[in-house]
Amino acid sequence: MDALATVLLRRAGAVALPAPAARPQQPSPDQDDPGNEADGDGWVVAFEADLATRGWLLEPALRRRFARLDPGTRLRWADWIAAVADESTGADRDHVPLFRNFPDTPENPGRLYVERLLVHLFQHRAAPCILCGTVGQVRPLDPCAHAVCTVCFDPAQYSACPVCGSRLAAGDAYLPVVAPHGAAASLPAVQLRRLHLEADPGACAVRLRDGLVARAAALSEHDREDLRTLVAGTAPGRLDWLPDVVPARETLACVIAWALHAAALEPSYPAVLAGAVTRWSTATDVARTLWAYSGGDPGLVVPRRTTDPHGPNEGWRPVHEPRVTVPIPRVRAVPRALRRAVLGFIDGLDCATAAEDVARHPVVWKRIAERLHPFEHAAGHPDAAVVFAALRGTHAAPDAPLGHAMVAAHLSRPDRIVLEQHADGTVSVRVRTFAALVEEAVADGDAAAAARLLTERPGDLWRRIDHLLRLAGDDPGTLARVLDAAARTTPRVSPAVLAAAAAALTGRDATAPAAPAAGAAEAVTEVAAEAAAGISQQVAAVPAEQVGGLGSALRRALGLRRPDAPPARNRPRPPLPGPAPGTPRRTFFPKGDVVRTWTEPEHRGPLPADAIARVRSTVDAELAGRAAALDGFDVAVLDAGLARVPAPARERAGSQQLAGWPRGSLRALGDAPILRLFLHWVDAAEHRVDLDLSCAFYRDDWTSRGHCDYTHLRFHGSAAVHSGDLTSAPAPLGATEFLDLDRAALRQAGVAWAVPVVLSYNDVPFEALDAAFAGLSLPQTRREPFTAARVLQRFTLRGDAKSMAPFVLNVDTGEAMWIDASLSARGYGHNVGQRGPRLGRMAADLWEHFAAGNRPTLLDLAAWHAAGRAERVVVAHADGTCTAVPAGAPHEIVAAVRATSGGGTATAPTGARTFACAADPDRLAAIAGTDVAEGSAALLVDGTPPPPWTPVTGADLLAALTPSV
């Protein structure tokens, strides 16, 4: 099947099976009848049973079509569907951990470590085993060359070198032929997905394509690739299918770049180029297009340069392992027609505004300028040349074409373009930015002037609404002017910006600034001095009786520990920068290809409650009014539990995932006794990759309780068990690591929080890997092998990052918050023991940030649509009761939805055209029933609603509120 069919199956559960062949009039006795219904029905039963082990089901129409196909055709389609299902959960890979009998990993990892160290240092292939003395059982392994005794290291227990953990060559005699796991027990799938027969795959592809293009937020990398496949299959080399407004600039840039590529040698190229120019509105739009045209990130995020030779643990880096970085894309050669169009477009913009836009992305624009040659065309495109001269700080003679252009630009906009004369007689220009003008008003304390300026850029005004309200202070007149400016600009602002700005004001009337940290500097100095004094102390040693006299003597001879050295865990650590958990603080998310966080103490004072209420009502009225222009419903049934699920945000920086959890959402993992984390990766073609699956544990106050990783295979007995450290992953087998968490045992060990993390030990960015993913499954027993039906979440490892924390687990409640965040990492030898304190600080920051309710939620999004589109609104509560929302103005209905509590007696009507929002299909059936009219729509966090519901996503609902201006 082609890539388009795969996208339809993954995204929509659509299968476009061919029509069955015509039945022969009189098939011969020795010929199978392709229309044999009995044979087909039996085959479909077996196939559906096989799919059920993957969590997929067939709808009746698709089941009947399969039964009528000839055997060869149905087998090809069945194999393809099963392959896509396996890929979605990770079951398409062989998951073979280091210890084959996991979770029965060694009870004494310390002893095993010393034995491995002794073998590494002293074992010779021709000598008896230095551990047991056996002769003739020592074998060198390929390719690491470690000499291993088959008596001490049973080959049946290992899948790689027992000493270094590297995968062995396929023909290595040390590895025995091991029987595969038996068939997994028949267990219920943790989530089910229905596949339906698609009669019109072209229309389905267009529907998916238009839905992605209509999204208000930038697409993730995975969504962009799917959109590229959909565009190539429906409208290659064309732009006439695009809607008048494409909300996400990055999406528009990608579509234009793909069309320019597809039409490069076609007669339609001039029309495509003309269409691109008409859709550009700023210089940044041009940069996004040309950067995407060259294979770069349309968000203009440039890979970070982290080649510091003095980073932490750089001395551990092997000499044959170079530093691996994500390269900055090289700008492709630009056709002459495209170059003229770009220079002409920039020349037609306001020179000062264009120069300001270009200065925001200097690295990208300097590389693009190398292909545009703007100074060669200074006479024909003078303003474009001035824009690039301001970017590069270029000097030119006043009588040269570029000099003439600079002088003319200054004379036309003396308030924004500053002409500078130099001692050598040359001139240059610099730009006073719009932001500088706003900051001048802010510095003068003039909130009204700042708001008046920002009305020219409504999105910036709403992003700074909190700042403007603080600046206005208690002056009623100034406060009214700021609020009036905000209200006037709402029709021109995207729904994501409005929703985020309004939600960020939640609780701001009660904000308490953080107390100053008295004596912090002295404390840091004192602790740092204590830490420095303990550097020479060595880690705790393994007791001598566990490894014998030889190991003890070697430890003493090598100076691995002095008898009076305190354990490493008791040494004082320098305090982490930033505010501690539980203190008033703010969390920020800098722009990047992955999510990283930055936290600082809360310094803001409270805002007036009436100003907050007016902002919220203004946003509610605007977004509900936009929803009123859409198709209506008889009734809306909203699950109050969605108030704990944030609306989609920053999807472009998210990982491709199976479950589709929004960042910050809380998911109940049920009563499963064991949570199994898994990690799989394959080495890149040019270098070895060593990833490590780890989990850090914290007490209730976020102080460290310990961790489980390759250095600590067991935590508190069997509370957490690691499958062993694999240090290489050559294709095709790759490498897999597992880590089991027993919630009951963790609670007994005093663990309140568990934070899993994947770390790149040898500092290779995830973006440089050929394949890497991790996930979470819920096995019924620890003996159960990897089973696709029990996979709850699978996510890819991506981006210019070397760490990834997928979620935070509240051990007591069994709730997991999806965070999908990364820690910055420098140096070599990344492990959770070093980064545990920073990891805990990040997890605490994100948990408190999202739990504070400062983000728009799916309930907010559903309430805006319900208030504008439904004749009646009902809110369902966790106690099984429902509350009818009184009729009123749209913003009053939205406020009432947020304020409802349990105890009502309302019911949802049957047979009505319904708009419903719920956590999963079971909850949907409980609150809205199954008797609904055609055209009913349902938003689910997990799973897909059954027919006749039309599934919608949070991104779809947000995109539908995009303004038309």
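Residues numbered from 1 in each chain as written. Predicted model: local features only at pLDDT ≥ 70, side-chain atom pairs only at ≥ 80, totals over all residues. Heavy atoms only, no water.

**A few points about the packing of aromatic side chains**
Under the defined criterion, the tally for this structure stands at 22 aromatic pairs. Ring centres 5.4 Å apart and planes at 50 degrees place the aromatic pair Phe99 and Tyr158 in the tilted group. One end of the pair, Phe99, is in the loop between helix H4 (71–89) and helix H5 (109–122); the other, Tyr158, is in the loop between strand S4 (147–149) and strand S5 (193–197), and 59 residues separate them in sequence. Overall, the relative accessible area of 6% leaves Tyr158 in the buried class. Taking 4.6 Å as the distance between ring centres and 15 degrees as the angle between the ring planes, the aromatic pair formed by Trp702 and Trp753 counts as stacked. Here the residue Trp702 occupies a position in the loop between strand S13 (691–698) and strand S14 (704–708), and Trp753 occupies one in strand S18 (residues 753–760), the gap between them amounting to 51 residues. For the pair Trp702 and Trp753, a shared accessibility class is recorded, and that class is buried. Through pairs of rings, three or more aromatic residues link up here, namely Tyr698, Trp702, Trp753 and Trp847. Note that Arg74 overlies the ring of Trp43, its terminal NZ or CZ placed 5.2 Å from the centroid. The aromatic ring of Tyr293 is capped on one face by Arg332, whose charged end is 5.6 Å from the ring centroid. (Phe/Tyr/Trp six-rings, centres within 6.5 Å; stacked < 30°, edge-to-face > 60°. Helix = DSSP H or I, 4+ residues; strand = E, 2+ residues; numbered from the N terminus. Buried < 20%, exposed > 50% of the residue type's maximum accessible area, 1.4 Å probe, protein only. Lys NZ or Arg CZ within 6 Å of the ring centre and 35° of its normal.)

**Considering unusual backbone geometry**
In this structure, the amide linkage connecting Phe102 to the following residue, Pro103, adopts the cis form with an omega of 15 degrees. Within the element layout of this structure, Pro103 appears in the loop between H4 and H5. The omega angle of the peptide bond from Pro947 to Pro948 is 5 degrees, so this bond is cis rather than trans. Note that Pro948 resides in the loop between strand S26 (937–940) and strand S27 (950–952). Of note in this structure, Ala145 is not a glycine but carries a positive phi near 70 degrees. Looking at the secondary structure, you find Ala145 in the loop between strand S3 (138–140) and S4. Even without a glycine there, the phi angle at Asp820 is positive, about 50 degrees. Along the polypeptide, Asp820 turns up in strand S22 (residues 815–821).

**Comments concerning the UniProt feature "domain: RING-type" (unreviewed entry) in the protein chain**
With numbering matched to this structure, UniProt assigns "domain: RING-type" (unreviewed entry) to residues 129–164. Helix makes up 0% of residues 129–164 and strand 17%. Its end C-alpha atoms lie 17 Å apart. (UniProt positions renumbered as here; feature names shortened; annotations may be inferred.)

**Focus: the pairing of strand S6 (residues 417–421)**
Strand direction decides the pairing type here: S6 and strand S7 (residues 427–431), joined by 5 bridges, are antiparallel. Bridge assignment links Ile417 to a residue of S7, and that residue is Val431. Where S6 hands over to S7, the hairpin turn is made up of 5 residues, of which Gly425 adopts a positive phi near 90 degrees. (Pairing = 2+ DSSP bridges.)

**Examining the sheet that holds S13**
The 6 strands are arranged S11-S22-S21-S18-S13-S14 in an open sheet whose pairing can be described as antiparallel. Only two strands of the sheet have a single partner each, and these edge strands are strand S11 (666–668) and S14. Averaged over all pairs of adjacent strands, the angle between strand axes in this sheet comes to 25 degrees, irrespective of strand direction. Across 4 bridges, the pairing between S18 and strand S21 (residues 803–810) is antiparallel. Opposite Ala754, over in S21, you have Leu809 as the bridge partner. The strands touched by helix H26 (residues 832–851) within the sheet are S11, S13, S14, S18, S21 and S22, with S22 carrying the most contacts at an inclination of about 110 degrees. (Axes fitted to C-alpha atoms, helices over the stretch in contact; angles between N-to-C directions. Contact = heavy atoms within 4.5 Å.)

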